[in-house]
Amino acid sequence: MTQEPPSETGSGDAVPAPAAGAEITTTDCRQCGAKVSGLNNRYACSYCGWVNHWVEGSNVLPSAEDDPDHPGH
């Protein structure tokens, strides 16, 4: 019996592309100093749990209706 190697995402599903204008940004965690990456200056540290406030991001967040998975679509 052979087994398929795991995909890079781990789930076998395709990873959706970021929205137009989305940029991956990196900074140091303000709580523990670890390097953290986020989308448009919104961060969450996986080591200590620190999360910056959403208004510190560099662009306006889309509304729920703009989400393609919104129940109204």
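1. Some points on the side chain of Asn-40
Checked against the element boundaries, Asn-40 lands in the segment after strand S2 (35-39). Note on Asn-40: relative accessible area 7%, which makes it buried. What Asn-40 contacts, discounting residues up to four positions off in sequence, is Gly-21, Ala-22, Glu-23, Thr-25, Gly-57, Ser-58 and Asn-59.

2. With respect to a negative patch on the surface
On the surface, a cluster of negative charge is made up of Glu-65, Asp-66, Asp-67 and Asp-69. Position of Asp-69 among the secondary structure elements: in the segment after S2. Owing to a relative accessible area of 69%, Asp-69 belongs among the exposed residues under this scheme.

3. Examining the nonpolar core
Core analysis: the largest hydrophobic core is formed by six residues, namely Cys-29, Ala-34, Val-36, Tyr-43, Cys-45 and Trp-50. Look past the residues within four positions of Cys-45 in its chain and what remains in contact with it is Cys-29, Cys-32, Ala-34, Val-36 and Trp-50.

4. A word on the pairing of S2
Of the two faces of S2, only one is covered, namely that formed by Val-36 and Gly-38; the face formed by Lys-35, Ser-37 and Leu-39 stays uncovered. Where strand S1 (residues 24-28) meets S2, five bridges bridge the pair, whose relative direction is antiparallel. In the sheet register, Thr-26 faces S2, and the bridge partner there is Ser-37. The antiparallel pairing of S1 with S2 creates a hairpin that spans six residues between the two strands, and Gly-33 there sits at a positive phi of about 85°.

Cut-offs and rules
- Residues numbered from 1 in each chain as written.
- Predicted model: local features only at pLDDT ≥ 70, side-chain atom pairs only at ≥ 80, totals over all residues.
- Heavy atoms only, no water.
- Helix = DSSP H or I, 4+ residues; strand = E, 2+ residues; numbered from the N terminus.
- Buried < 20%, exposed > 50% of the residue type's maximum accessible area, 1.4 Å probe, protein only.
- Contact = heavy atoms within 4.5 Å.
- Patch = residues over 30% accessible without salt bridge, like charges linked within 9 Å, V, L, I, M, F, W, Y side chains within 5 Å.
- Areas by Shrake-Rupley, 256 points an atom, 1.4 Å probe, with all protein chains shown as cover.
- Salt bridge = Lys/Arg side-chain N within 4 Å of Asp/Glu carboxyl O.
- Lys, Arg positive; Asp, Glu negative; His and termini not counted.
- Charge placed at Lys NZ, Arg CZ, Asp CG, Glu CD.
- Core = buried A, V, L, I, M, F, W, Y, C linked by side-chain atoms within 4.5 Å.
- Pairing = 2+ DSSP bridges.

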